[in-house]
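# Structure at a glance
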Amino acid sequence: MTISEEKVDDTILEAKRHPMDYLLRWDRLPHVWCSGCGLGSVLSCFIHAIAESGIDTKKIVVVSGIGCTGRASGYLDLDVFHTTHGRAIPFAIGLKLANPELKVIVFSGDGDLFAIGGNHIIHAARRNADITVICSNNFIYGMTGGQLAPTTPMGAWTSTSPYGNVEPNFNLCHLVASAGAIYVARWTSLNARRLQASMVEAIKKKGFSFIEVIPPCPTTFGRRNDYEEGIKMLEFFRENTIIRHGIDPGDAELNLGNKIVVGKFVDKEDKPTLSDHIARIQLFAKRR
Amino acid sequence: MLRLHMTLRKIISFIPPEYKEQEKWHLKIITDRCKGCLFCINFCPTELLESSPEINSKGYHPPKIKDDMDMDDCAKCGFCELICPEFSIFLEKEEDTTGAKK
Amino acid sequence: MSKKASIHDVLTGEHYISGNEAIAEGCLAAGCRFFGGYPITPSSEIAERMSRRLPQVGGVFIQMEDEIASIATILGASWAGRKSMTATSGPGISLMMENIGLGAMTETPFVIINVQRAGPSTGLPTLVGQGDVMQARWGSHGDYELIALSPNSVQEAFDLSIEAFNLAEKYRTPVIMLTDESICHMVEKLIIPTKSKIKIENRKKPTGSKKNHLTFKPDADMIPPMAAAGEGYNVFVTGLTHDTKGYPVITPEAQEILVKRLCDKILLNEEKIRLTEEYMTKDAKVLVISYGITARSAKGAVNLARKKGIKAGLLRLITIWPFPTKLIEELAKKVDAIVVAEINNGQIVKEVREATRKSVPVVLSSKLGGTVHTPKEILAKIEEVKKK
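Looking now at the pairing of strand β8 (residues 183–188) of chain A. Residues and elements named next belong to chain A. By the criterion of burial, β8 is predominantly enclosed, with six of the six residues buried. Alternating residues of β8 divide into Tyr183, Ala185 and Trp187 and Val184, Arg186 and Thr188, and every residue in both groups is buried. Note that the unit made of β8, helix α6 (residues 192–204) and strand β9 (residues 209–214) has a crossover that is right-handed. Sheet topology places β8 next to strand β11 (residues 260–267); four bridges connect them, and they run antiparallel.

Structural data, given as structure tokens:
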């Protein structure tokens, strides 16, 4: 037996650049998100997914609305658009239809996409617009200080539901699947590997694909609901997340105290997208 | 006695070269990006990390490798890199390496 | 339709069509290749014609779920490099306001056709109005400037549609065509020139390195070149106050620099943008100022006044915003009184009073919508100020 005299690292080495910085506008870091917020993890999974997908980054466009998640696009060194509140999806549809070569991804929050922008997402799914929507659902309006959202679970405490939320919440995956999305998945930000793989699948999918990600929000949601630290909420996810691929998203409601059902709920075969149909009628009209 | 053994192990690896991994990995960090969320520490599968007593320029405690552990204990899974919300910690393979033959 | 014209391009030839259809043809001739809209009376014919015509010229027509989506989608299309437009009326333009602000802030060229009907609210959906003039200027929150044009015939509706796109592209700004129900439902002769005779302006493209591209770095003319998504410039576009890179900068200093430039690039070019028509103003003692359909009645009123021996003249505003303050200031020195005729409770009249600095009496000839002025109604105002 020979003894190797190689020294093994026992410290973390200091670095100047992160290997994924090439996809980031690193001169804008640190980002605006709080310590313990999971949005950074979701963004990390997203850039890893973009790298893994092998798609030409020149053709990738990321569109965001307003809110905490809406800031995500601004940290990406891609063509990025930070639009008005709720209108990321129609803006993205305009980009995609005007230049079908683009890979258009909407990265925004639950309030932006499902409250003020709720009309647009169901119509985008109905049309099978060829875009990917990544919705980060933190159950709350974070940037404005923690007000009630249509995703806030019944009974949860927020700054505008000081007696507990009396409204049932939307099941985002169920809604989008019903409207016709061809790919629907839900993950927590702790399911980072699966989330990354799911993002790659969704981005590569032709047609309207949707991923709901649940990141911890310690500052505005957690603080009022017994998850005052990000890791406390992630620990809850670790203990209470169950993966159920292929189940009816209608059976995967998100309620306080219940298990969080995650997984790939819908993965239909490609069908002609809105862009395909428009190209078809262009061809038809040109021949006449 | 155990402690002494651990300290020794940090200096000299007793693993025969033929059993050693042929790749050398480093954990790296951009300390000033860290916001001390503890995600990397809490969810490391080998529990390699802990909070450093030192503070960075933002006033947070960045992670460090536990005193009695080293990179041989790292699973090289890269989960810390993936889940780090700040693009601070990452795992990197040493490019020009031939494993233990050095 | 003339025999030479191909449906796959500019419909050169003589036509007998409505203002709405002329606008659609004008926009196509200007190079518009994207329409996002939502049906609303009295603008729907524009969408209908575009839905048939755009695929013929390789363009995209989409009917969105509402007006907010319509304007958001044309902003997106413009950033993908296509000339884009929407057409709407009162309630629709109200819904679009927030994204018009985004268009001004992000210097996105696009054209909105506002076929004005009488408001407020649902008002008179099928009848004429001119009550959106001030809204066109300041309907979105914050300080910004844009360009608004107002045609008074079917031919001019066509011509100004081209001009609207040219101005939008040149100054990187939203342009609103403030037309009205009467012009747009009126059927008149339209002559579409050959394609080579139509002057087309296209946005400036960046020429420098794609690496570290500064998305909003203006040239000496205050207008930044515009890269499209997918060209490799990695554009950074946000509605937040931003620096030349496009990065958000939440400071009063950045706000001062950006908003000042956004306003100045329009205001300081007012004389270059300005389009007006003067009729018998050389020796005029009473000046009538009007625009759109109302200007046709005003012209009749000037003719009637001349017959009665009153030296009346007409200034027709074709560009409404930026307002030709200097021109009116000059004209006011030569006349004894000004009559402003418009189908609202007095909007442009306030700008005219501001421009004349109370040097001459300014009288409003107002109608609140539903019908246009008769020349006699305006003549009565001319005679009234003449007596004073």
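With that out of the way, let us pick up the pairing of strand β3 (residues 60–63) of chain C. Here is the key point about a regular strand: its side chains alternate between the two faces of the sheet. In terms of strand pairing, strand β2 (residues 32–37) of chain C meets β3 of chain C through four bridges, oriented parallel. Pairing of glycine 37 of chain C across the sheet is with glutamine 63 of chain C, part of β3 of chain C.

A separate point is the packing of helix α2 (residues 88–98) of chain A against helix α4 (residues 118–127) of chain A. Axes are the key here: two packed helices are described by the angle between their axes and the distance separating the axes. All names here are of chain A. One can describe the packing of α2 onto α4 by two numbers: an axis separation of 8 Å at closest approach and a directional angle of 35°. Judged by residue contacts, Ile89, Pro90 and Ile93 of α2 engage His120, Ile121, Ala124 and Arg127 from α4. In terms of residue class, the contact of α2 with α4 is made up of five nonpolar, one polar and one charged.

Spatially, the three strands line up as an open sheet ordered β1(A)-β1(B)-β4(B), and their pairing is mixed. Because the sheet does not close on itself, it has two edges, and the strands there are β1 (13–14) of chain A together with β4 (89–93) of chain B. In this sheet, β4 of chain B lies alongside strand β1 (residues 25–29) of chain B in antiparallel orientation, the contact comprising five bridges. Bridging from a neighbouring strand, lysine 28 of chain B pairs with phenylalanine 90 of chain B of β4 of chain B.

Moving on: the interface of chain A and chain C. With 38 residues of chain A at the contact, the number on the chain C side is 43 residues. Counting the surface lost from both chain A and chain C, the interface buries some 3300 Å², and carbon and sulfur atoms represent 58% of this. Where chain A meets chain C, there are two salt bridges. Between lysine 245 of chain C and aspartate 27 of chain A there is a salt bridge whose closest N-O contact spans 2.7 Å. Inspection of the chain A/chain C interface yields 25 residue pairs in polar contact (both at pLDDT 80 or more). Elements that contribute at least two residues to the side of chain A that touches chain C include exactly β3 (79–82), α2, α4 and α8 (274–287) of chain A. Per element, the largest residue contribution to the side of chain A that touches chain C is seven residues, and it comes from α2 of chain A. Per-class residue counts for the side of chain A that touches chain C are 15 nonpolar, 11 polar and 12 charged. As paired strands, β3 of chain A and strand β10 (residues 236–238) of chain C are joined by three bridges and run parallel to one another.

Glancing now at the domain arrangement of chain C. Residues and elements named next belong to chain C. Domain parsing of chain C yields domain 1 (13–197) and domain 2 (275–387). Relative placement of domain 1 and domain 2: their C-alpha centres are 26 Å apart. On the side of domain 2, 25 residues touch domain 1, which itself brings 29 residues to the contact. Interface area for domain 1 against domain 2, summed over the two sides, is near 2000 Å², with a carbon-plus-sulfur share of 57%.

Of the residues lining the interface, 50 residues belong to chain A; the matching set on chain B comes to 49 residues. Both sides together, the interface formed by chain A and chain B hides about 4000 Å², and carbon and sulfur atoms give 60% of it. For the pair chain A and chain B, the interface holds one salt bridge. Two residues, arginine 33 of chain B and aspartate 21 of chain A, come together in a salt bridge whose shortest N-O distance is 2.9 Å. Those elements giving two or more residues to the side of chain A that touches chain B turn out to be β1, α1 (39–53), α6 and α7 (230–240) of chain A. With seven residues, α1 of chain A is the single largest residue contributor to the side of chain A that touches chain B. Of the residues contributing to the side of chain A that touches chain B, the split by class is 23 nonpolar, 15 polar and 12 charged. In terms of strand pairing, β1 of chain A meets β1 of chain B through two bridges, oriented parallel.

Right, let's talk about the pattern of salt bridges for a bit. All told, the structure shown has 45 salt bridges over all chains when counted by the stated rule. Across the pair lysine 264 of chain A and aspartate 267 of chain A runs a salt bridge, and its minimum N-O distance is 3.2 Å. In this structure aspartate 267 of chain A comes out as partly exposed when scored by relative accessible area, which is 40%. Between arginine 306 of chain C and aspartate 283 of chain C there is a salt bridge, with the nearest N and O atoms lying 2.9 Å from each other. Here aspartate 283 of chain C lies in the loop between β11 (276–279) and β12 (286–290) and arginine 306 of chain C lies in helix α10 (residues 293–307), a separation of 23 residues in the sequence. Residue classification places arginine 306 of chain C among the partly exposed residues on the basis of a relative accessible area of 23%. Taken together, the shared-partner salt bridges in this structure form one network comprising Glu201, Lys205, Lys264 and Asp267 of chain A.

A word on unusual backbone geometry. Residues and elements named next belong to chain A. Following leucine 29, the chain continues into proline 30 via a peptide bond in cis, with omega recorded as 5°. Topologically, proline 30 is positioned in the loop between β1 and α1. One non-glycine residue, phenylalanine 139, lies in positive phi territory at about 70°. Among the structural elements, phenylalanine 139 can be located in the loop between β5 (132–136) and β6 (140–141).

Our focus in this paragraph is empty space enclosed by the protein. Residues and elements named next belong to chain A. This model, assessed by the stated rule, comprises six cavities of 30 Å³ or more. Taken as a whole, the largest cavity encloses approximately 150 Å³ of empty space. At three residues, the largest contribution of residues to the lining of the largest cavity is made by α7. Each residue belonging to the lining of the largest cavity can be placed in one class, and the counts come to 10 nonpolar, three polar and one charged.

With respect to topology, nine strands assemble into an open sheet ordered β10(A)-β11(A)-β8(A)-β9(A)-β5(A)-β4(A)-β2(A)-β3(A)-β10(C), the strand pairing being mixed. Each edge of the open sheet is held by one strand with a lone partner, namely β10 (241–243) of chain A together with β10 of chain C. Ignoring strand direction, the axes of neighbouring strands in this sheet form an average angle of 15°. Along the sheet face, α1 of chain A touches β2 (60–64), β4 (103–109), β5 and β9 of chain A and points at about 170° away from the line of β4 of chain A.

Cut-off values and rules
Residues numbered from 1 in each chain as written. Chains lettered and ligands numbered in written order. Predicted model: local features only at pLDDT ≥ 70, side-chain atom pairs only at ≥ 80, totals over all residues. Heavy atoms only, no water. Buried < 20%, exposed > 50% of the residue type's maximum accessible area, 1.4 Å probe, protein only. Helix = DSSP H or I, 4+ residues; strand = E, 2+ residues; numbered from the N terminus. Right-handed = clockwise from strand over helix to strand, strands pointing away. Pairing = 2+ DSSP bridges. Axes fitted to C-alpha atoms, helices over the stretch in contact; angles between N-to-C directions. Contact = heavy atoms within 4.5 Å. Nonpolar A, V, L, I, M, F, W, Y, C, P; charged D, E, K, R; others polar. Buried area = accessible area lost by both parts, 1.4 Å probe. Salt bridge = Lys/Arg side-chain N within 4 Å of Asp/Glu carboxyl O. Polar contact = N/O pair within 3.5 Å; in protein donor to acceptor, adjacent residues only side chain to side chain. Domains from an automatic or database assignment. 1 Å grid on protein atoms, 1.4 Å probe; cavity = no way out; pocket = protein on both sides within 12 Å on 5 of 7 lines; lining within 4 Å. Points joined across faces, edges and corners; volume = space filled by probe spheres on them.

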